[in-house]
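Structural characterization, general
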Amino acid sequence: MTLLQSTLLLLLLLVLLPYQTVTAAESESIVINVWPKPINLTWTPPHKATLLSPTFTITTTSHHHNKHLYAAITRYLRLIKTEHHLPLVSPPVNISTNLPPLHSLTITVADPDAPLHHGVDESYTLSVTATSATLISVTAWGAMRGLETFSQLAWGKPTRVAVGVYVWDAPLFGHRGVMLDTARNYYPVKDLLRTVKAMSMNKLNVFHWHVTDSQSFPIVLPSEPALADKGAYGPDMVYSPEDVKIVVEFGLDHGVRVIPEIDSPGHAGSWATAYPDIVTCANMFWWPAESEWSDRLASEPGTGQLNPLNPKTYQVLKNVIRDMTTLFPDPFYHSGADEVVPGCWKTDPTIQKYLSNGGTLSQVLEVFVNNTLPFILSLNRTAVYWEDVLLDDTIHVPSTILPKEHVILQTWNNGHNNTKRIVSSGYRAIVSSADFYYLDCGHGDFVGNNSAYDQQNGDDTGNGGSWCGPFKTWQTIYNYDIRYGLNEEESKLVLGGEVALWSEQADPTVLDARIWPRTSAMAESLWSGNRDETGMKRYAEATDRLNEWRSRMVRRGIGAEPIQPLWCVRNPGMCNTVHAS
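One structure accompanies this document, and this report is about it.

Cut-off values and rules
Counting restarts for each chain: residues are numbered from 1 in the order of the written sequence. Restriction of local features to residues with pLDDT of at least 70 applies here, the model being predicted, together with a cutoff of 80 or more for giving and counting side-chain atom pairs; totals for whole chains, interfaces and linings are based on all residues. In computing side-chain values, all of the structure's heavy atoms are included and hydrogens and water are not. Labels follow the DSSP assignment, with helices taken as runs of H or I lasting at least four residues and strands as runs of E lasting at least two, numbered in each case from the N terminus. Each radius of gyration is computed over the set of C-alpha atoms, and the globule rule expresses the reference value as 2.2 Å times the number of residues to the power 0.38. Residue exposure ignores everything except the shown protein chains as possible cover, and the areas themselves are Shrake-Rupley values with a 1.4 Å probe. Under the convention used here, Asp and Glu are negative, Lys and Arg are positive, and both His and the chain ends fall outside the count. We put the charge of a Lys on NZ, of an Arg on CZ, of an Asp on CG and of a Glu on CD. For every residue, the accessible area obtained with a 1.4 Å probe (protein chains only) is divided by the maximum for its type, and the residue is called buried under 20%, exposed over 50%, and partly exposed between those limits. Pairing between two strands requires that DSSP report at least two bridges joining them. Any Lys or Arg side-chain nitrogen found within 4 Å of a carboxyl oxygen on Asp or Glu counts as a salt bridge. Lines fitted to C-alpha atoms define the axes, with helix axes restricted to the stretch in contact, and inter-axis angles between N-to-C directions lie between 0 and 180 degrees. Crossing handedness: left-handed means the near helix sits turned counterclockwise from the far one by under a right angle, and right-handed means the same turn made clockwise. Here, residues are in contact when the closest pair of their heavy atoms is within 4.5 Å. Three categories are distinguished: nonpolar for Ala, Val, Leu, Ile, Met, Phe, Trp, Tyr, Cys and Pro, charged for Asp, Glu, Lys and Arg, and polar for the others, with Gly belonging to the last. Two N or O atoms form a polar contact when they lie within 3.5 Å of each other; inside protein one atom must be a possible hydrogen donor and the other a possible acceptor, and for residues adjacent in sequence the pair counts only when both atoms belong to side chains. Call a crossover right-handed when, viewed with both strands pointing away from you, the route from the first strand across the helix to the second goes clockwise. Take the buried Ala, Val, Leu, Ile, Met, Phe, Trp, Tyr and Cys residues and link them wherever side-chain atoms come within 4.5 Å; each set so joined is a nonpolar core. Our working definition of a disulfide is a cysteine sulfur pair at a distance within 2.5 Å. Working definition: a ring pair exists when centres of Phe, Tyr or Trp rings (six-membered ring for Trp) sit within 6.5 Å. Plane angles under 30 degrees give stacked, over 60 give edge-to-face, the rest tilted. For a Lys NZ or an Arg CZ to count as sitting over a ring, it must be within 6 Å of the ring centre and within 35 degrees of the ring normal.

1. Some thoughts on the overall build of the chain
Helix and strand counts for the chain stand at 19 helices and 19 strands. Taking 2.2 N^0.38 as the reference for a compact globule, 581 residues should give roughly 25 Å; the C-alpha atoms of the chain span a radius of gyration of 25 Å, in line with that estimate. In terms of overall dimensions, the chain has a C-alpha envelope of 85 × 60 × 50 Å along the principal axes. Surface summary for the chain: the accessible area is close to 23400 Å², and the carbon and sulfur share equals 55%. Taking the average location of the 43 positive side-chain charges in the chain and that of its 58 negative ones, the two points are 8 Å from each other.

2. Describing helix H17 (residues 518-527)
The periodicity of an α-helix, 3.6 residues per turn, causes residues three or four positions apart to be oriented the same way. Within H17, 10 of the 10 residues are buried, which leaves the element mostly enclosed by the surrounding structure. Within the sequence span of H17, burial applies to Arg 518, Thr 519, Ser 520, Ala 521, Met 522, Ala 523, Glu 524, Ser 525, Leu 526 and Trp 527. Note on H17: the residue one or two positions beyond its end, Gly 529, has a positive phi of about 95 degrees.

3. Observations regarding the pairing of strand E9 (residues 165-169)
With four of five residues buried, E9 lies mostly within the body of the structure. Inspection of the sheet shows strand E1 (residues 40-43) paired to E9 by four bridges, in the antiparallel sense. Looking at the pairing, Leu 41 lines up with Val 167 of E9. Bridging between strand E5 (residues 124-128) and E9 involves five bridges; their strand directions are antiparallel. Across the sheet, residue Tyr 124 finds its bridge partner in E9, namely Asp 169.

4. Quick notes on the pattern of salt bridges
Oppositely charged side chains are able to pair whenever their charged atoms sit close together. Under the definition given, this model contains 23 salt bridges. Note that Glu 122 is salt-bridged to Arg 145, the shortest N-O span being 2.9 Å. You can see Glu 122 sitting in the loop between strand E4 (102-111) and E5 and its partner Arg 145 sitting in helix H4 (residues 140-152), a full 23 residues away along the chain. A residue is classified by how much of its surface remains accessible, and Glu 122, at 3% relative accessible area, is buried.

5. A few points about the packing of helix H8 (residues 311-327) against helix H11 (residues 361-378)
As a packed pair, H8 and H11 sit with axes 11 Å apart at the nearest point and diverge in direction by 30 degrees. The crossing of H8 and H11 is right-handed. Where H8 abuts H11, its residues Tyr 314, Leu 317, Lys 318, Ile 321 and Arg 322 lie against Val 367, Phe 368, Asn 371, Thr 372, Phe 375 and Ile 376. Here the residues of the contact of H8 with H11 sort into seven nonpolar, two polar and two charged.

6. Examining the side chain of Thr 50
The residue Thr 50 is located in strand E2 (residues 48-60) in this model. Residue class for Thr 50 comes out buried when judged on its relative accessible area of 1%. Here the side chain of Thr 50 touches Pro 100 through a polar contact of 3.0 Å, landing on its backbone oxygen. Once residues lying within four places of it in the same chain are set aside, the contact partners of Thr 50 are Leu 99, Pro 100, Pro 101, Leu 102, Thr 159, Arg 160, Val 161 and Val 163.

7. Examining the pairing of strand E17 (residues 407-411)
The element E17 is extensively covered by neighbouring structure, given that five of its five residues are classed as buried. Burial along E17 is two-sided: the face carrying Val 407, Leu 409 and Thr 411 and the face carrying Ile 408 and Gln 410 are both buried. Note: strand E16 (residues 382-386) against E17, four bridges, orientation parallel. Bridged to Trp 386 within E17 is Gln 410. In this structure, E17 lies alongside strand E18 (residues 428-431), joined through four bridges in parallel fashion. Residue pairing in the sheet places Gln 410 in a bridge with Ile 430 of E18. In this region the chain leaves E17, passes through helix H13 (residues 415-424) and returns to the parallel neighbour E18; the handedness of that crossover is right-handed.

8. Focus: the nonpolar core
Within the largest apolar cluster, 140 residues are counted, with the highest numbers of intra-cluster contacts made by Leu 105, Phe 150, Trp 209, Trp 271, Tyr 385, Val 389 and Leu 402. For this core, the element with the most residues is H11, which contributes eight residues. Leave out the neighbours within four places in its chain, and Trp 209 touches Leu 180, Thr 182, Leu 192, Tyr 239, Val 244, Val 247, Val 258, Ile 259, Pro 260, Glu 261 and Phe 328. By size, the runner-up hydrophobic cluster in this structure holds nine residues, among which are Trp 386, Trp 412, Ala 434 and Ala 500.

9. As for the state of the cysteines
Under the criterion given, the structure shown has three disulfides. Each disulfide pairs two cysteine sulfurs, and for Cys 281 the partner residue is Cys 344, the sulfurs being separated by 2.0 Å. The sign of the -100 degrees torsion about the S-S bond sets the Cys 281-Cys 344 disulfide as left-handed. Of this pair, Cys 281 sits in the loop between strand E13 (279-280) and strand E14 (305-306) while Cys 344 is found in helix H9 (residues 342-345), placing the two residues 63 residues apart along the sequence. A single burial state applies to Cys 281 and to Cys 344, both of which are buried. Note on cysteine connectivity: Cys 441 is disulfide-linked to Cys 468, with sulfurs 2.0 Å apart. Taking the sign of the S-S torsion, about -110 degrees here, the bridge from Cys 441 to Cys 468 comes out left-handed. Placement of the pair is Cys 441 in the loop between E18 and helix H14 (474-479) and Cys 468 in the loop between E18 and H14, with a sequence separation of 27 residues. Taken as a pair, Cys 441 and Cys 468 share a single burial class, namely buried. The connectivity of the disulfide-linked cysteines in the chain, indexed sequentially, is 1-2, 3-4, 5-6.

10. Topic: the packing of aromatic side chains
Evaluated as defined, the whole model comprises 19 aromatic pairs. Centre to centre, the rings of Trp 286 and Trp 287 are 5.6 Å apart; their planes meet at 65 degrees, and the pair counts as edge-to-face. Put simply, the rings of Tyr 186, Phe 207, Trp 209, Tyr 239 and Phe 328 pair up and form one aromatic cluster. The residue whose ring lies beneath Lys 203 is Trp 527, and the NZ or CZ to ring-centre distance is 5.9 Å. Above the plane of the ring of Phe 332 lies Arg 257, whose end atom (NZ or CZ) is 4.6 Å from the centre.

Structure below.
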């Protein structure tokens, strides 16, 4: 802990000392909803609220030049004054008739210029007394988290605010994200912004933008305009440099980093429309008739992988990487490297000759990494890869060419086992297990003429025809412990997690409901955990709170799907199972 943090903590203790009168059990029973649940929140009896003054303001104690903090203050001031949220169940609160209305929230930020990078301090303290409200944080990003909490303490029309509330809060994990695939189906910028907005409400801080894939190349890059011109679905389904700037700035205004991914060398069929000579097996049928799965050309339609043995590949790819790191300032750059399929590379004469001379496909991938990773690092970026680059059974590279200090691996296969393999090898990990965090699962496969669905006896009901079925419920997501089975040193290497929405069967019409409120479940488990102070999983207690939070998100314009009938909320305990702990 730094001297600055220690000083802030001491100030907090001095503020809170007279008010620590609510036990943990009493605090749990009080109906005041903040999502994700803070690390420590108390509401002192007799649980009063006061009206918000019509002239309510949010001010900072010192002048600063952080435009993103100014934007957040402006946004939250408008929200708090106009939201008028109506709780599904009204808090058991005494509306004070003798307290003056709350006139202001005062913010103190110790280091307002700290950039939004991984590991930035997001802690804050919040005190709402009968006469004043104060928010103290180390950084602007912590202040944004505190502003969100304060906004959730306000409700009703006219607006009232709970008083006697004291919060100390900080996230358990520094990386809490959503991955969205915009290549298989296109999402207009307004949908990306709404997603980032909802992420900020849930105190998530990473938007992992899987921009391109075999199906389309929708981003316009100044150095390689032909890729989008020929590889996008159409001129109205592209992201211009101006669009990217809007998303990145909007993210910063909301405390959300935007990390881009250009998947390579696999998942690159869309590059072939502009550069057919650098892509192998492009536009071929993905699974040749009568062939085994191991002989497929891709893991789904469509095909195409960059050719690591063609020097022109790197001329194009380095232009792409340079443009992407210019457009996206975040220190992390995601280079993909998942699902490199042997059959696709084997169709290429140059690679065939390389193999006939004793080379292996893993060495072909090694050539690719050796020609791209140093370039990524030279641009002052940390490289993120999908775990396949190291762990794939057939095509992988040795750890000797993936420096642990510069490479992060994102895991999606085999649940806890692969997380363990990554961190026990000394690599930092981002967890996106398909068994828990894939939001597209359970909707069946998207390929046509599939006889697997002709099941008259209902044998396919367990997984819905999806390789990663069944559907990942919010409870499944909430209860996932991403550090399960790890020792203390290994646990330190888990940066956090991301849910993933692959878009084979998703587009703007279903975007909100696929992501929310299931992602809210991950947001809380990565922010303050999924267990109470006794170590018990708190999913039963979380249900009513998530119902309430989902309702507030809907009022804020997010099309989150319901998790229960309203009757359950109005009849506490009646929708529990006898097996609930």
